[in-house]
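Below, each chain spelled out in residue letters.
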Amino acid sequence: MGNESSYPEQMCSHFDHDEIRRLGKSFKKLDVDHSGSLSVEEITSLPELQNNPLVRRVIDVFDTDGNGEVDFEEFIRGASQLSVRGDQEQKLRFAFSIYDMDRDGYISNGELFQVLKMMVGDNIRDWQLQQLVDRTIITLDKDGDGKISLEEFSAVVRGLEVHKKLAVMV
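Residues numbered from 1 in each chain as written. Predicted model: local features only at pLDDT ≥ 70, side-chain atom pairs only at ≥ 80, totals over all residues. Heavy atoms only, no water.

You'll find the protein entered in an unreviewed UniProt entry as Calcineurin subunit B type 2 isoform X2, with Galeopterus variegatus given as the organism.

Concerning the pattern of salt bridges
Quick note on the threshold: The rule for a salt bridge is simple: a side-chain nitrogen of Lys or Arg has to be within 4 Å of a carboxyl oxygen of Asp or Glu. Helix and strand definitions follow DSSP, with helices as H or I runs of at least four residues and strands as E runs of at least two, each counted in order from the N terminus. Partly exposed residues are those whose accessible area sits between 20% and 50% of the maximum for their type, while under 20% is buried and over 50% is exposed, using a 1.4 Å probe and protein chains only.
Counted according to the given criterion, the structure contains six salt bridges. A salt bridge links Asp60 to Arg57; the nearest nitrogen and oxygen atoms lie 3.1 Å apart. A residue pair is termed a helical-turn pair when its members lie 3 or 4 positions apart in one helix, as Asp60 and Arg57 do in helix 3 (residues 55-62) at three residues. With a shortest N-O distance of 2.6 Å, Arg158 and Glu89 are connected by a salt bridge. Note that Arg158 is positioned in the loop between helix 8 (150-157) and helix 9 (162-165) and Glu89 in helix 5 (residues 88-99), a separation of 69 residues in sequence. Residue classification places Glu89 among the partly exposed positions, given a relative accessible area of 34%. Through salt bridges that share partners, Lys117, Asp122 and Asp126 make up one connected network.

Notes on the packing of helix 1 (residues 17-30) against helix 4 (residues 72-81)
Applicable threshold: Where helices are involved, their axes are fitted lines through C-alpha atoms of the stretch in contact, as for all axes, and angles between N-to-C directions lie from 0 to 180°. Roughly parallel means an angle under 35 degrees; roughly antiparallel, over 145; roughly perpendicular, 65 to 115; everything else is oblique. It is the rotation of the near helix from the far one that decides the hand of a crossing: anticlockwise by less than a right angle makes it left-handed, clockwise makes it right-handed. Two residues form a contact once any of their heavy atoms are found within 4.5 Å. Only Asp, Glu, Lys and Arg are considered charged in this grouping, and only Ala, Val, Leu, Ile, Met, Phe, Trp, Tyr, Cys and Pro are considered nonpolar; every other residue, Gly among them, is considered polar.
Between helix 1 and helix 4, whose axes approach to 11 Å, the crossing angle comes to 125°. In this view, helix 1 runs oblique relative to helix 4, as classed from their interaxial angle. The crossing of helix 1 and helix 4 is right-handed. Across from Ile20, Leu23, Gly24 and Phe27 in helix 1, the residues of helix 4 making contact are Phe72, Phe75 and Ile76. Among the residues forming the contact of helix 1 with helix 4, the class breakdown is six nonpolar, one polar and no charged.

Next up, the structure:
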C-alpha cells in the first residue's frame, strides 16, 4: 500500500494527517490478502455494506483505473468525495457518477433503469420501473437529447440537499 504520509497533499485535500492515518489503518484491515488493493469481496465483507444495493456501483466509481479493485489512492480520493468537508458540487458529481455507468458524462435510459433496478430489486415489475425511468428522463432532459447531463441532474438533485446526506466522518 505504501506509506500514508507519502501521498500528495492535493490527493487528500479534505483530510488532515490523522484522518489519513486512520483511513490507512482501515484500509489495511480490509486488505485481508495484503495485496495493496481492496477487492469487491474485501469491501463487501463489512457488515454495514452487505445489504447496500449500490455498494458495487460505489466501488466502480472509486475504481478509477477500472481494474476491478480499489487501491489506497483510489480509496482516499473516493472517501474524500464523501468527506464532511467535501463541497456540494463534488458530491453531486459523485452521485451523478453512480448512475453514469459508462462514464460518458450522461445518464442514459438504460443506465437509470439498471441502477434503479439495483435499488428496488424485484419489488417493482420491470415494465413499471421502465415507465418510471421514461418519465424521469422526459422530466429531467431539458435539452431533448434523450439523456440526463450532469447539469440537468444537478439542477434537480441540488434542491434535495443530497450532498448533506453524502457525508462520511473519518
